[in-house]
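Read off the chains here:
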Amino acid sequence: MRIWVDGDACPAVIKDILFRAAVRAKIALTLVANQPMRIPRSEFITILTVPSGLNVADQQIVELLDPGDLVITADIPLAAHVVNKGGTALDPRGELYTPENIGERLTMRNLMDELRGGGLVAGGPAPFSSSDRQAFANQLDRLLAKRRPG
């Protein structure tokens, strides 16, 4: 198992949780971003810098993803690709995307995009909170515990 992080939009507090978890669990973690980022020195943590452009990082993650890998992303279309390829997708707020819920999440995302584009809805997601951070940490712990041998 490898952890892939959609790095450009991932909150710093979530990256810190992931960095500690990767080292603790000895799991390879790759941050994919279109700009350089500081990462801790660790044999388990790397960064893959991709060219700027629409969905370049997302496409790179999908291309490199193996079934069973974990992807951290708030991007619902990317999460759909991950789930369809046999990976696990986890939102930085702790929501796990599954084959059972990804279709509904994608439909709702597309609807909200249309409503925002038509000026019928304003704004985006609520500010990131400490309860979001805790929900993410709890879900990550559950996922890592499932993958431990024995």
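Details of the structure are given in the entry above.
Residues numbered from 1 in each chain as written. Predicted model: local features only at pLDDT ≥ 70, side-chain atom pairs only at ≥ 80, totals over all residues. Heavy atoms only, no water.

Draft legend 1. Examining the overall build of the chain more closely. Scanning the chain for helices and strands turns up 5 helices and 6 strands. Sequence-ordered secondary structure for the chain, helices as α and strands as β, is β-α-β-β-α-β-α-β-β-α-α. Whereas a compact globule of 150 residues would reach a radius of gyration of roughly 15 Å, the chain reaches 15 Å, a difference of no more than 12%. Considering the chain as a whole, with its 150 residues, one finds that 37% of them fall into the buried category. Excluding contacts between residues fewer than 6 apart, the proportion of contacts in the chain whose partners are at least 24 apart in sequence is 50%. If you sum the accessible surface of the chain, you get close to 8400 Å²; carbon and sulfur atoms cover 53% of it. Across the chain, 17 positive and 17 negative side-chain charges occur, with their mean positions spaced 8 Å apart. (Helix = DSSP H or I, 4+ residues; strand = E, 2+ residues; numbered from the N terminus. Rg over C-alpha atoms; globule rule 2.2 N^0.38 Å. Buried < 20%, exposed > 50% of the residue type's maximum accessible area, 1.4 Å probe, protein only. Contact = heavy atoms within 4.5 Å. Areas by Shrake-Rupley, 256 points an atom, 1.4 Å probe, with all protein chains shown as cover. Lys, Arg positive; Asp, Glu negative; His and termini not counted. Charge placed at Lys NZ, Arg CZ, Asp CG, Glu CD.)

Draft legend 2. Seen up close, the pattern of salt bridges. Across all of its chains, the model carries 4 salt bridges by this definition. Across the salt bridge formed by Asp 132 and Arg 93, the nearest N and O atoms sit 2.7 Å from each other. Residue Asp 132 is found in helix H5 (residues 130-147), and its partner Arg 93 is found in the loop between strand E5 (88-90) and strand E6 (96-97); the two are separated by 39 residues along the sequence. You can call Arg 93 partly exposed: its relative accessible area is 29%. Each of Glu 95, Glu 104 and Arg 105 takes part in a single network of salt bridges with overlapping partners. (Salt bridge = Lys/Arg side-chain N within 4 Å of Asp/Glu carboxyl O.)

Draft legend 3. Highlighting the packing of aromatic side chains. Scanning the entire structure with this criterion turns up 0 aromatic pairs. If you follow Arg 2 out to its NZ or CZ, it ends over the ring of Trp 4, 5.2 Å from the centre. (Phe/Tyr/Trp six-rings, centres within 6.5 Å; stacked < 30°, edge-to-face > 60°. Lys NZ or Arg CZ within 6 Å of the ring centre and 35° of its normal.)

Draft legend 4. Local environment of the side chain of Thr 88. When you line up the elements, Thr 88 lands in strand E5. Look at Thr 88 and you get buried, because its relative accessible area is 15%.

Draft legend 5. Main features of the nonpolar core. Ile 3, Val 5, Leu 18, Leu 29, Ile 72, Phe 136 and Leu 140 are the most contacted members of the largest nonpolar core, which has 24 residues in total. Every element with two or more residues in this core is listed here: strand E1 (2-6), helix H1 (12-25), strand E2 (28-33), strand E4 (70-72) and H5. Take this core: its biggest share by element is 6 residues, from H1. Among the nonpolar cores identified, the runner-up in size contains 17 residues, and Trp 4, Ala 57, Val 83 and Ile 102 belong to it. (Core = buried A, V, L, I, M, F, W, Y, C linked by side-chain atoms within 4.5 Å.)

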